[in-house]
Amino acid sequence: MTSTDPGISRPGKIIALHLNYPSRAAQRGRGPAQPSYFLKPPTSVAAGGAPLPRPAGTELLAFEGEIALVIGEVARHVSPENGWSFVSGVTAANDFGLYDLRYADRGSNLRSKGGDGFTPLGPAVLPADAVDPAALRVRTWVNGELAQEDTTADLLFDFGRLVADLSQLITLEPGDVILTGTPAGASVVVPGDVVEVEVDGSGLSTGRLVTPITEGTVHFGSFGARPRVDAKQRAEAYGEPGFVLTEELKAKLTSVGTATLSAQLRKRGYNDVSIDGVTSTRPGAKLVGRAKTLRYIPFREDLFRAHGGGYNAQKRAFDALGPGDVLVMEARGETGTGTVGDILALRAQVRGAAGIVTDGGVRDVAAVAALDIPTYHSGAHPAVLGRRHVPWDTDLTIACGGASVQPGDVIVGDDDGVLVIPPPLAEEVADAAIEQERQETFIAEQVAAGECVDGLYPMNDEWQGRYAAWLATR
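Residues numbered from 1 in each chain as written. Predicted model: local features only at pLDDT ≥ 70, side-chain atom pairs only at ≥ 80, totals over all residues. Heavy atoms only, no water.

Enquirer: Any details on the sheet that holds strand S13 (residues 188-189)? Residues and values, ideally.
Expert: Taken in spatial order, the 3 strands make up an open sheet running S8-S5-S13, and their pairing is antiparallel. Both edges of this open sheet fall to strand S8 (97-98) and S13, since each of them pairs with a single strand only. As defined by bridge partners, strand S5 (residues 61-62) adjoins S13 across 2 bridges and the pair is classed as antiparallel. Among the inter-strand pairings, Ala 62 is bridged to a residue of S13, identified as Val 188. (Pairing = 2+ DSSP bridges. Helix = DSSP H or I, 4+ residues; strand = E, 2+ residues; numbered from the N terminus.)

Enquirer: I'd love a proper account of the pattern of salt bridges, names of residues and values included.
Expert: Inspection of the entire model under this criterion finds 27 salt bridges. Ionic pairing is found between Arg 300 and Asp 302, a salt bridge with its closest N-O pair at 2.7 Å. Between Glu 462 and Arg 466 there is a salt bridge whose closest N-O contact spans 2.7 Å. Placement of the pair is Glu 462 and Arg 466 together in helix H12 (residues 461-472), with a separation of 4 residues, close to one helical turn. Classification of Arg 466 by relative accessible area gives partly exposed; the value is 37%. A cluster of three or more residues bridged by salt bridges with shared partners is formed by Arg 24, Lys 40, Glu 64, Asp 95 and Lys 113. (Salt bridge = Lys/Arg side-chain N within 4 Å of Asp/Glu carboxyl O. Buried < 20%, exposed > 50% of the residue type's maximum accessible area, 1.4 Å probe, protein only.)

Enquirer: Quick one: what's the story with the packing of aromatic side chains, residue by residue and with numbers?
Expert: Geometry of an aromatic ring pair is reported as the spacing of the ring centres plus the angle between the planes. Under the counting rule described, the total for this entry stands at 6 aromatic pairs. A centroid spacing of 6.2 Å and a plane angle of 25° characterise the contact between Trp 84 and Phe 159, whose relative ring orientation is stacked. Here Trp 84 is found in the loop between strand S6 (65-71) and strand S7 (87-94), whereas its partner Phe 159 is found in helix H3 (residues 159-167), with 75 residues between them in sequence. Overall, the relative accessible area of 2% leaves Phe 159 in the buried class. (Phe/Tyr/Trp six-rings, centres within 6.5 Å; stacked < 30°, edge-to-face > 60°.)

Below, the structure written as structure tokens:
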């Protein structure tokens, strides 16, 4: 065992959580239904004060201040209620990552997160029995300025649950470390910067974990993935705020029709953003939410045997839905079988999803229509999924009803149909649609009073003046 800081030894394994703080989830534009993890090598551990070289030829070395759990005794098949009792202490951690290599092993994060020195820990370990796991605070400073601050009061997944979840399949051993996620505020550092992380609670503190950033001198060879940066990776590395579909924006979008929204999108050059050929199981209901996506490929016997049974992509997609999500499914317009039935539609409703959209068929249509959740579909059919489809993959760009849909797109539906709105346009389009419908209300009043539409629809300067006076009375 190689010593790092007092009370900390090189762990047998380091398990890191992707998302846990609501502030970070909002920044990323997604909130996971269940915790997900990746491994970091024990060789990534570093002591406080050890310099971290930014690899030569790279740009996006990002810090993530975190709370690290140190396992105190063997944990296997433990319950969430008892999970915390297997933790011997907590300490400060910095989960450094190199976004320049994120493309090369997304998900595993081996190279982007596993470099030597990429997991500083310390300097002190707070005894687990001396702190309240729901009342800890983590703070990060860059060059003396506070960059991150959050508490464990409202984590998506509490520490006991993390220990229990991991122990279902993995034996956790004394000295193992669990990194529990980072709050909003993580960003890029450059050579010359100094990053400090501190965890405190119950009157105790780990002290500051200090990591100076230096300039590396060894370049990557041509025999492996080389650093690569694009606009998306740069934005995520710097922690630029992601789009959030707020309740206020939802209310705006709900207050106007898709016909009006479509007109405003067309004015901005978007003519192919309607999901065509679908009708709702809930006439009169309005749909507003963020897209989650699922793709089916054409049926093939061997592929269905390999991918159609068990906990397949379709079931995983429904289980991953969260409040406000809309599951949009690419079924190639194939209506000769169902792509969703009553059980999975009920699962989506229980998960809090806003709706379901498929350009394929629906089974058990009467039962699906009886649910509160609206399902937009291309027709009813009694056949099961395997007659025409293989559930293939999720969370990718798909085509549905002639429209391209990306995860996170804003989906709006009513009796006229379903629209896909690029998130950066949502607020602007909603405000313009509200104004358009306000003007059309005025115009309709004038027409009902006998006015000629010439010059009124659209309004000329004279009618614009009258409209301004009318608006002032409202």
